[in-house]
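Remarks on the overall topology
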Amino acid sequence: QVQLVESGGGLVQAGDSLRLSCAASVRYAMAWFRQAPGKDREFVSAITRSGGTTYYADSVKGRFTISRDSVKNTMYLQMNSLKPEDTAVYYCAARAYLSGDVYSTGRYNYWGQGTQVTVSS
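Notes on the structure in this doc start here. Predicted, not measured: the structure shown is a model, and the values here were computed from it. Residue positions are given per chain, counting from 1 as you read along its sequence in written order. Local features in this predicted model are restricted to residues of pLDDT 70 or higher, and side-chain atom pairs are both shown and tallied only at a pLDDT of 80 or more, whereas totals for entire chains, interfaces and linings draw on every residue. To obtain the side-chain values, all non-hydrogen atoms of the structure were used and water was disregarded.

1. Thoughts on the side chain of Ser45
The helix and strand labels rest on DSSP assignments: H or I over at least four residues marks a helix, E over at least two residues marks a strand, and numbering proceeds from the N terminus. Looking at where Ser45 falls in the secondary structure, it is placed in strand β5 (residues 42-47). Residue contacts for Ser45: discarding those within four places in its chain leaves Ala31, Trp32, Tyr55, Tyr56, Ile66 and Leu77. Contacts between residues were defined by any pair of non-hydrogen atoms, one from each residue, lying within 4.5 Å.

2. What about the environment of Gly51?
Tracing the backbone through its elements, the reader meets Gly51 in the loop between β5 and β6 (54-56). Burial classes: relative accessible area under 20% of the type maximum marks a residue as buried, over 50% as exposed, and values in between as partly exposed (1.4 Å probe, protein chains only). A residue is classified by how much of its surface remains accessible, and Gly51, at 28% relative accessible area, is partly exposed. Along the chain, Gly51 and Ile66 lie 15 residues apart, while their C-alpha atoms are 9.0 Å from each other.

3. Quick notes on the sheet that holds strand β3 (residues 18-24)
At least two bridges found by DSSP between two strands are what make those strands a pair. Judged by pairing direction, the sheet is antiparallel, and its four strands sit side by side in the order β1-β3-β8-β7 without closing on themselves. One side of each edge strand has no neighbouring strand; the edge strands of this open sheet are β1 (4-7) and β7 (64-69). Neighbour to neighbour, the strand axes of the sheet diverge by 15° on average, direction disregarded. The pairing of β3 with strand β8 (residues 74-79) spans six bridges and is classified as antiparallel. If you follow Ala23 over to β8, its bridge partner there is Thr74. Fitted lines through C-alpha atoms serve as axes, helices being fitted only where they are in contact, and the angles separating the N-to-C directions of these axes extend from 0 to 180 degrees.

Here it is, written out as structure tokens:
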């Protein structure tokens with residue numbers, strides 16, 4: 001069974017940085033999604049199994065960086081220049097391979113429990 005465990009969320013001020021981690025029990029392609037109150041879960045970023053290809057939502061491009069440590073089976077999301085609109089529960093997701101649609105929640109088979117990120121203005 002695939003297990004994903006997120007950590008690193010918290011309360012920060014606008015302009016601050018935060019790093020999220022997702023420890024996985026398998027080496028799959030992985031992604032970050034987020035869900036703000038009253039909104040649908042949305043794609044943030046994804047990374048292939050090798051870490052060689054990454055994808056970003058336009059809203060975070062240039063501010064967030066996704067990476068992974070294949071030895072530790074851990075994925076990271078470095079979030080810089082945080083804005084109040086980044087406030088959400090951030091979820092780690094995984095699937096065997098990244099092909100085709102990488103942006104839709106329905107294309108991912110496994111999910112973590114989520115970690116809260118709150119950015120105050």
